[in-house]
Each structure stands twice: as C-alpha cells, then as structure tokens.
Amino acid sequence: MQLPDPALVVLVGASGSGKSTWAATHYRDQEVVSSDALRGVVGSGPHDLDASADAFGVLETVVAARLGRGLTTVVDTLGLDPLKRQAWLAAARAAGLPVVAVLLDTPDTECRRRNAARDRPVPARALAGQLRSVRDVRPVLEAEGWDLVVAVAGVFAEPAPAVTTETAATDRTSSLGLRSFLQVSRFPWGEDPLAWLSSIARAADEAGFAGLALMDHLIQVPQVGRAWEPIPEPWVTLGAIAALGTGLELGTLCTPVTFRPAGITAKAAATLSALTGGRAFVGIGAGWFAREHAAYGLEFPPARERLDDLEKAIVTMKALWASGTKAYDAHGVALPETTSYPRPAAKIPVVVGGSGERRTLRIAAAHGDACNLRTIDEAELERLIGVLRAHCDDVGRDRSEVAVTVLDLPVVGRDRDDVWARVERHRGRTPAAAYASRTHAATVAGHRDRWARLAGLGVSTVFLATPDLDGPEDVLALRGLNA
Ligand code: UTP
Ligand code: MG
C-alpha cells in the first residue's frame, strides 16, 4: 500500500487495535505525534489520564507546527473525536498536504485480549465504548472529506523483505527494464585521487551500474559544491578509469560544446572507445555556466549561436566516426576529409543534454542517439517526452532511435530515519519538506517504485547523481536500484 507522502495521517482505532505498532512500522518516531507518548512527557507516564489536557495541548502545537512546514504528521490518538479530526484535516488542507485517515480494523476479541494483557488495561467498559464507536465510524469518515480512508488489519504480517541485492543481468538492464549510470559530480578524493576514483568505479561496476558519467566543468558548479573543490578534466579522468578493466560504459554528462572544437571531442571519445573495447559515449550540451568560460578565456556566445554550434558539433563528430576518410558536406558542416584513427570500437552514442523545447529537443531528435531530461516532475517529463517525439515525427526520425534518458538527483537512504538524516544534512536553508520533495527523498525501495514509473513513461536510462557520494560504500548501498 502506497500512501501519499508527505501527508497528514490520522489513526483511528480502539485501544490495543495496533495504531502505535502500525505507525512505528511505517514512519519515523519524529513523524508520529502520540497522545500517550506526550502524557509521558508532560505527566508521569503514557497512562497518566490527569495529564490528558496538557498532553493534547502539546499535541495540537506539534501537529500545527509540522503541518505548517509541510512535514508528514501521523496523529496517534484514538481518533474517535470528530471535531478534532476535522480540525486536523482543515489544518493539513491549509498547508496543502494530502489527508489520510487510517482505520485499524482489528477484531474486538483481539483488542480485548491485548488490553487484558497490558500492565495498565483500559477499563472494560471504556474499551467496549471505543469498540462501539469504531464500528460506526467508517461511514462518518467517508463523509468527512479525507483524500483517502484506508482500513488496515491491526494484525500485521512481517515487514516486506528488503530488495534483492543480486547484480543485474549481463547487459545490466534491471528488472525494471532500465539501465542506470552513476554520474560522479563531486570529488572528495583526499590525498589520493586515483585511489578514490578507482574505488568508486569498481564499486559502480560491482553494484550493477551500466556505466559511469563525469560532469564536464572547469569550475565546480554552485548546485553541487564550492568553486575551490576539485573538478577534474573528464576525458583524462575517464582514461584512467578505462585502465581498471571494468565493464562500465564511460562518458561525460555533459560536455559543453563551447569547451573544445567538436573534432577534438570526437578524437577523445574515439580514443576512449578504442581503449575500452567500445564502451564510450558522449553527452553534449550547449553549456550554461558563463563564469567558467570567462575564467578560462573561452568564448560564451549567445544561446542561439551555441545551439547552432551544438548541432554542427554532433554532425562533425558523427562524420569523423563514420567509416572511410571521404569529404563531408551536409547540415552546414564541410570537412575536406574525415580521417580519424583509431576508429571507435563500437558505435559511440551521443546523449544530448538540455530541455529547451524548441531547439535542444529538436537537435536531439534530428541528430542524437538519446535525449537527457530532468526528473523533478513526472508530468513535466511526460510532456517533454511528447515534445521530443513530435520533433522526431517532424524531422522524419524513427522515435525508437532516440532514447530518453534522465538525470536523477535523489536522496537515497537505507531506511526512513537515514533518509531524513540525509535530507537534514543536505537541505541547507531549503525547508526540509521542499528539499525532500525535490529530491524524491526515499529508500531504495521507494526509488524503485518511482523508476518503474519512469520506465513506464519510456525512459530507458537513468543517470543517477546522489548528493552524498563520498566513498565506495555509498555506491554499493545503491545496488538495489539495479536489481
Ligand atoms: P498498539 O500499542 O500498537 O495499539 O498494540 P494501539 O492501538 O496503539 O493502542 P492504544 O490506543 O495506544 O492503547 C497493542 C498491543 O498489541 C500488540 C502490540 O505489541 C501491543 O502490545 N500487537 C499489535 C500485536 O501483538 N500484533 C500486532 O499486529 C499489533
Ligand atoms: Mg498507542
């Protein structure tokens, strides 16, 4: 069962029906606001009924504060007071959060049995009253305006086993029908850069990634780190990784067309292809980071010109990689000969980066082997895929010849606690709920559900860049994504 997240979740059920147990299996401690626990905070213990008024006062404050921040809030009380339920529902609506009522549907006899077994049982008459209220509450809940009313059996099965960690099949397509590439964008390599790079690449290979991509920037970009953090030249670096003998495909995501004449990129990629037995690819885009161009004495022409250059660069590279050495003259590119040795050991896929609908996607449709899009919003992604396909139809290119790839920048944690610890570590001044939503913060299992949807939209490859790739153990922790 997949509940919306973040959301307000209000539990409804008699004593002993399993509300707190259900909440603890699905949510972090901090997300569950429990009247019993707060009785223990402001009173002598969870069953200190004299502390009820104070406990509920604190509960309301906590619920309001969390909802106001857009954070998941699970209200663990009996849930049988309709006025309280409506107030929580209204507060969540005001905060723009989905609202869910979870009804614990546990046999009366089981509630009585558990109650009797407790240190401080609820008096039998009180429990009988709760059980009567629960019996009649379902239609009331249905009429209250919850987005979702779910009944869960308060007798739980064991939690689902973790995703299998077996490495994917030889072509490295996962059971989701996706291939994933590790995009390395930060280089916290300490005193031994080559050792760090080697350990990351070997771990990526072992974790079932189909390939490894490096950013191509001259100064670290502000989205990733500080300007004085190392950002190595990617083609040199990929050459070092090529020497490790992994099965990884190697390339950039993305090389700005402004950095090198296209022929030089074609030469670098052909060399890498020869050195890796045909596992090179080129990601290429129009470039965007004006500062690095100025600092390195490179031209940074207006966007229209850069897009013209992007188109010509792909045409030039493909001309040089094609067999033979004959002259080339098409698509605005004229070369007196196309003599380029070593030959690529296999076709070198060109991944066009960028989501500009009018030009970039058209260039990808006309000349690319893949088009790389961002994944923040699935509806927007679906729309862009539609635009790409329309361009394919328009320029007479078979849609299947232009793969859809995405750059995914998620927060991935071992469990819900670890996920939120990472959100807290990386969010900077962005509110936690907004950062978690933007990064789809979840466990491996959660990301697999999302990746399955991406595959359903027609995505073939995910370039994965996580914000906390510090060492090989962080890479190995992602292996479940490739199963
Ligand atoms: P809970 O303590 O989860 O119930 O379970 P509750 O609904 O939150 O109860 P109140 O309202 O706070 O009093 C009650 C007992 O039943 C056991 C739990 O371990 C606990 O001792 N239980 C719960 C099971 O044995 N199996 C289950 O599937 C759920
Ligand atoms: Mg409880």
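As annotated in an unreviewed UniProt entry, the protein chain carries the name LLM class flavin-dependent oxidoreductase and comes from Nocardioides zhouii.

Trainee: Please give an account of the pairing of strand E18 (residues 459-464) that cites residues and values.
Mentor: Of all six residues in E18, five are buried, a share of seventy percent or more. In terms of strand pairing, strand E15 (residues 403-408) meets E18 through five bridges, oriented parallel. Note that in E18 the partner of Asp 408 across the bridge is Leu 464.

Trainee: An account of the site of ligand 1 is needed here, citing residue identities and associated values.
Mentor: Residues in close proximity to ligand 1 total 14 residues, the closest being Lys 19, Ser 20, Thr 21, Arg 114 and Arg 118. A distance of 3.1 Å separates an oxygen atom of ligand 1 from a polar atom in the side chain of Asp 36. Separating an oxygen atom of ligand 1 from a side-chain N or O atom of Arg 118 is a distance of 2.5 Å. Relative to its unbound accessible area of 600 Å², ligand 1 is 71% covered by the protein chains. Across the shell around ligand 1, the residue classes tally to three nonpolar, seven polar and four charged.

Trainee: Could you give me a rundown of the pairing of strand E6 (residues 179-184), with the residues and numbers involved?
Mentor: Most of E6 sits inside the fold, with five of its six residues counted as buried. With four bridges connecting them, E6 and E18 associate as parallel partners. Bridged to Phe 181 within E18 is Phe 463. Sheet analysis places E6 next to strand E7 (residues 211-214), joined by four bridges and oriented parallel. Pairing of Gln 183 across the sheet is with Ala 213, part of E7.

Trainee: Mind laying out the environment of Thr 276, listing which residues take part and the relevant values?
Mentor: Mapped onto the elements, Thr 276 comes out in helix H9 (residues 262-276). For the pair Thr 276 and Gly 247, spaced 29 residues apart in sequence, the C-alpha to C-alpha distance is 8.6 Å. Only 2.8 Å separates the side chain of Thr 276 from the backbone oxygen of Leu 272, close enough to count as a polar contact.

Trainee: Hey, could you go over the pattern of salt bridges for me, with residue numbers and the actual values?
Mentor: Taken as a whole and judged by the stated rule, the model has 33 salt bridges. Here Arg 93 and Asp 147 are joined by a salt bridge, their closest N and O atoms 3.1 Å apart. Taken together, the residues Arg 93 in helix H4 (residues 82-94) and Asp 147 in the loop between helix H6 (124-144) and strand E5 (148-152) connect sequence positions 54 residues apart. Across the pair Lys 347 and Asp 369 runs a salt bridge whose closest N-O atoms are separated by 2.8 Å. Of the two residues, Lys 347 sits in the loop between strand E12 (333-335) and strand E13 (350-353) while Asp 369 sits in the loop between helix H12 (360-367) and strand E14 (370-374), which places them 22 residues apart along the sequence.

Trainee: Explain the packing of helix H5 (residues 108-116) against H6 to me, and be specific about the residues and the numbers.
Mentor: In contact at an axis separation of 11 Å, H5 and H6 are set at 150 degrees when each is read in the N-to-C sense. The orientation of H5 with respect to H6, classified from their angle, is roughly antiparallel. For H5 against H6, the interelement crossing comes out right-handed. Contacts between H5 and H6 pair Asp 108, Cys 111, Arg 112 and Asn 115 from the former with Leu 127, Leu 131 and Arg 135 from the latter. Looking at the contact of H5 with H6 residue by residue, the class counts come to three nonpolar, one polar and three charged.

Trainee: Any details on the packing of aromatic side chains? Residues and values, ideally.
Mentor: For the structure shown, the criterion picks out seven aromatic pairs. Following the ring pairs from residue to residue traces out a cluster consisting of Phe 181, Phe 281 and Phe 463. The ring centre of Phe 56 lies 4.3 Å from the NZ or CZ of Lys 84, which sits over that ring. Of note, Arg 343 hangs over the ring of Tyr 341, and the distance from its end group to the ring centre comes to 5.5 Å.

Conventions we followed
- Residues numbered from 1 in each chain as written.
- Chains lettered and ligands numbered in written order.
- Predicted model: local features only at pLDDT ≥ 70, side-chain atom pairs only at ≥ 80, totals over all residues.
- Heavy atoms only, no water.
- Buried < 20%, exposed > 50% of the residue type's maximum accessible area, 1.4 Å probe, protein only.
- Helix = DSSP H or I, 4+ residues; strand = E, 2+ residues; numbered from the N terminus.
- Pairing = 2+ DSSP bridges.
- Near = heavy atom within 4 Å.
- Polar contact = N/O pair within 3.5 Å; in protein donor to acceptor, adjacent residues only side chain to side chain.
- Areas by Shrake-Rupley, 256 points an atom, 1.4 Å probe, with all protein chains shown as cover.
- Nonpolar A, V, L, I, M, F, W, Y, C, P; charged D, E, K, R; others polar.
- Salt bridge = Lys/Arg side-chain N within 4 Å of Asp/Glu carboxyl O.
- Axes fitted to C-alpha atoms, helices over the stretch in contact; angles between N-to-C directions.
- Parallel < 35°, antiparallel > 145°, perpendicular 65-115°, else oblique.
- Left-handed = near helix turned anticlockwise from the far one by under 90°.
- Contact = heavy atoms within 4.5 Å.
- Phe/Tyr/Trp six-rings, centres within 6.5 Å; stacked < 30°, edge-to-face > 60°.
- Lys NZ or Arg CZ within 6 Å of the ring centre and 35° of its normal.

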